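Commentary on secondary and tertiary structure
Here is what each chain is made of, one letter per residue.
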Amino acid sequence: MSDILERLYKVILERRRADPEVSYIAKRLKQGTAKIAQKLGEEAVETVIAAIEKDRSAIINESADLLFHWLLLLADSD
């Protein structure tokens, strides 16, 4: 799994210089640390809710979103 996260992190680093009108990654990074952290928090809450509801599919999906936005925050922090 760490290989997947490393590959995704490299994609995030490559796309941070893209046009924010075209790239979700560039758009999020342009919004700044506070917005990225807020989105990370939202995804964490959604993951917790899915876990409480024992919704396996939602846990998987929300966990993926959580990890993605965590990597965005890491990229934002250099």
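Residues numbered from 1 in each chain as written. Predicted model: local features only at pLDDT ≥ 70, side-chain atom pairs only at ≥ 80, totals over all residues. Heavy atoms only, no water.

**Section: the overall build of the protein**
Filter applied, for reference: Runs of H or I in DSSP of at least four residues are treated as helices and runs of E of at least two as strands, each being numbered from the N terminus. Buried residues are those whose accessible area, probed at 1.4 Å on protein chains only, stays under 20% of the maximum for their type, while exposed residues exceed 50% and partly exposed ones sit between those limits. Any two residues whose heavy atoms approach within 4.5 Å are treated as being in contact. Only the protein chains shown count as covering a residue, and every accessible area follows the Shrake-Rupley method with a 1.4 Å probe. Neither His nor the chain ends contribute to the count of charged residues, in which Lys and Arg are positive and Asp and Glu negative. Charged groups are reduced to one reference atom each: NZ for lysine, CZ for arginine, CG for aspartic acid, CD for glutamic acid.
Of regular secondary structure, the protein possesses 4 helices and 0 strands. Overall, the protein shows an N-to-C arrangement of helices and strands of α-α-α-α. The principal-axis extents of the C-alpha atoms in the protein amount to approximately 40 × 25 × 20 Å. Evaluated residue by residue, the protein yields a buried proportion of 27% over its 78 residues. Of the contacts formed within the protein by residues at least 6 apart in sequence, a portion of 56% connects residues at least 24 apart. Per element, the accessible surface of the protein, about 5400 Å² overall, is 57% carbon and sulfur. Looking at the protein, you have 12 positive and 14 negative side-chain charges, and the mean spots of the two groups are 3 Å apart.

**Section: the pattern of salt bridges**
Side chains that carry opposite charge are capable of pairing whenever their charged atoms lie near each other. Selection rule: The rule for a salt bridge is simple: a side-chain nitrogen of Lys or Arg has to be within 4 Å of a carboxyl oxygen of Asp or Glu.
Applying the stated criterion across every chain yields a total of 4 salt bridges. In this structure, Arg7 and Asp3 form a salt bridge, with 3.4 Å as the shortest nitrogen-oxygen distance. Of this pair, Arg7 and Asp3 both sit in helix α1 (residues 2–15), 4 residues apart, which is roughly one turn of the helix. Measuring nitrogen to oxygen at the nearest pair gives 3.2 Å for the salt bridge that ties Asp78 to Arg16. Of this pair, Asp78 sits in the segment after α4 (56–76) while Arg16 sits in the loop between α1 and α2 (24–31), and the two are 62 residues apart along the sequence.

**Examining the confidence of the model for the protein**
Here is the rule: Residue-level confidence of the predictor, termed pLDDT, takes values from 0 up to 100.
With 99% of its residues at a pLDDT of 70 or more, the protein shows a mean pLDDT of 96. Confidence, expressed as mean pLDDT per element, reaches its minimum in the protein at α1 with 94 and its maximum at helix α3 (residues 33–52) with 98.

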